[in-house]
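Each chain is listed here by its residues.
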Amino acid sequence: MKALLAAALGLAVLYVSLGWPAARRAARASASSLALTPAVAGVACSAAVAASLLTRTSMVPWLSLLTVIGWAWLLVAWRRSVEPSASPTPDDVPGPMALAAAALVAVVPVLLVDLPAVESDARWIWWFHAAWFRAGGDVARDGMADRAFAPSRPGYPPLAPGTTAAVWHLGTAYNREVALREFQLLTASAVAACGYYVAAVLRLERRWVVAAAGLVAALCWGANAQVGLRGFVDLTWAAWLVPAAVLLLAGPLDRRPVTVAAVLAMAAALT
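Residues numbered from 1 in each chain as written. Predicted model: local features only at pLDDT ≥ 70, side-chain atom pairs only at ≥ 80, totals over all residues. Heavy atoms only, no water.

1. Observations regarding a nonpolar patch on the surface
A cluster of nonpolar side chains, namely Leu104, Val108, Leu111 and Leu112, defines an oily patch on the protein surface of about 420 Å² accessible area. Within the element layout of this structure, leucine 104 appears in helix α4 (residues 96-112). Overall, leucine 104 belongs to the exposed group, its relative accessible area being 57%. (Patch = residues over 30% accessible without salt bridge, like charges linked within 9 Å, V, L, I, M, F, W, Y side chains within 5 Å. Areas by Shrake-Rupley, 256 points an atom, 1.4 Å probe, with all protein chains shown as cover. Salt bridge = Lys/Arg side-chain N within 4 Å of Asp/Glu carboxyl O. Helix = DSSP H or I, 4+ residues; strand = E, 2+ residues; numbered from the N terminus. Buried < 20%, exposed > 50% of the residue type's maximum accessible area, 1.4 Å probe, protein only.)

The following block contains the structure:
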């Protein structure tokens, strides 16, 4: 439980600092912004990893810079009164109750299952990469170039280990239990977003859309709950890609739904 709380607190800080400002500008509606926030935070962590590698520096200044840019962008927009636009679109129609239902279903497996952080692939790939990124761009570049570490797949995308490294920067550095719990909560965030956005395009009556959001979230975990709970990213990227595809294929081609879909697809690709 201690590791879960530490992971939840670390992710909450990242979501508020890195994710919320840009998500609010992209999605505008409060519920949709909350659903999109984890994906934006993950993309931001990936950008910080890339900048860290290119400059051989720590992630910290880049995470700080992205935080300042995001909040400055949001505050300037608020100052100019370009807050949410007029008519609702399928990225915000379900409302907060649908998101709450999807989030509740998404977090249940994480609360009920407590697995040890022993999976070899999770340790040797994702958390090992996270340790590189936590140590800084200099260490990470040397590690990625070392042929001895080739089996750890150093070319794999940076979103998941980058998010773990960012959480480790906030405390509990290199703690695998915290890393596992953070991975689980990140997956739960993607599942909640999937439930919310898929329910958004179903065009159901409001009394049914809440149930639909929870059902879709349950179906996501039902695809392979073990994968999502053991520190693997297979379920995570799929849960972000599905709503991106659904919004593009079944939603209107307005700017906001397309922007939300683009961010979700980016998060899936970086995972």
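So, next bit.
2. Focus: the packing of aromatic side chains
A complete count under the given rule lists 9 aromatic pairs for this structure. For the ring pair tryptophan 124 and phenylalanine 128, a centre distance of 4.8 Å and an interplane angle of 10 degrees mean the geometry is stacked. Of this pair, tryptophan 124 and phenylalanine 128 both sit in helix α5 (residues 120-135), 4 residues apart, which is roughly one turn of that helix. According to the relative accessible area criterion, tryptophan 124 is partly exposed, its value standing at 35%. By relative accessible area, phenylalanine 128 is classed as buried at 18%. Measuring from centroid to centroid gives 5.1 Å for phenylalanine 128 and phenylalanine 149, while their planes differ by 75 degrees, and the two rings are edge-to-face. Residue phenylalanine 128 is found in helix α5, and its partner phenylalanine 149 is found in the loop between α6 (137-145) and α7 (159-169); the two are separated by 21 residues along the sequence. Chaining the aromatic ring pairs together yields one cluster made of Trp124, Phe128, Trp132 and Phe149. (Phe/Tyr/Trp six-rings, centres within 6.5 Å; stacked < 30°, edge-to-face > 60°.)

3. Some remarks on the side chain of threonine 236
Here threonine 236 shows up in helix α11 (residues 234-250). Judged by its relative accessible area of 2%, threonine 236 falls in the buried class. For threonine 236, the residues in contact, after removing those within four places along its chain, are Leu186, Thr187, Ala190 and Thr271. (Contact = heavy atoms within 4.5 Å.)

4. Description of the pattern of salt bridges
Scanning the entire structure with this criterion turns up 4 salt bridges. Aspartate 138 is the partner of arginine 56 in a salt bridge, and the nearest nitrogen-oxygen pair spans 2.5 Å. Highlighted residues: arginine 56 in the loop between α2 (30-55) and α3 (60-79) and aspartate 138 in helix α6, separated in sequence by 82 residues. Given a relative accessible area of 37%, arginine 56 falls into the partly exposed group. Aspartate 138 gets classed as partly exposed once you look at its relative accessible area, which sits at 39%. Here glutamate 119 ties to arginine 230 by a salt bridge, and the two come within 3.2 Å at their closest N and O atoms. Highlighted residues: glutamate 119 in the loop between α4 and α5 and arginine 230 in the loop between α10 (225-229) and α11, separated in sequence by 111 residues. With a relative accessible area of 25%, glutamate 119 lands in the partly exposed category.

Function cannot be inferred from these measures alone, as they are strictly geometric.
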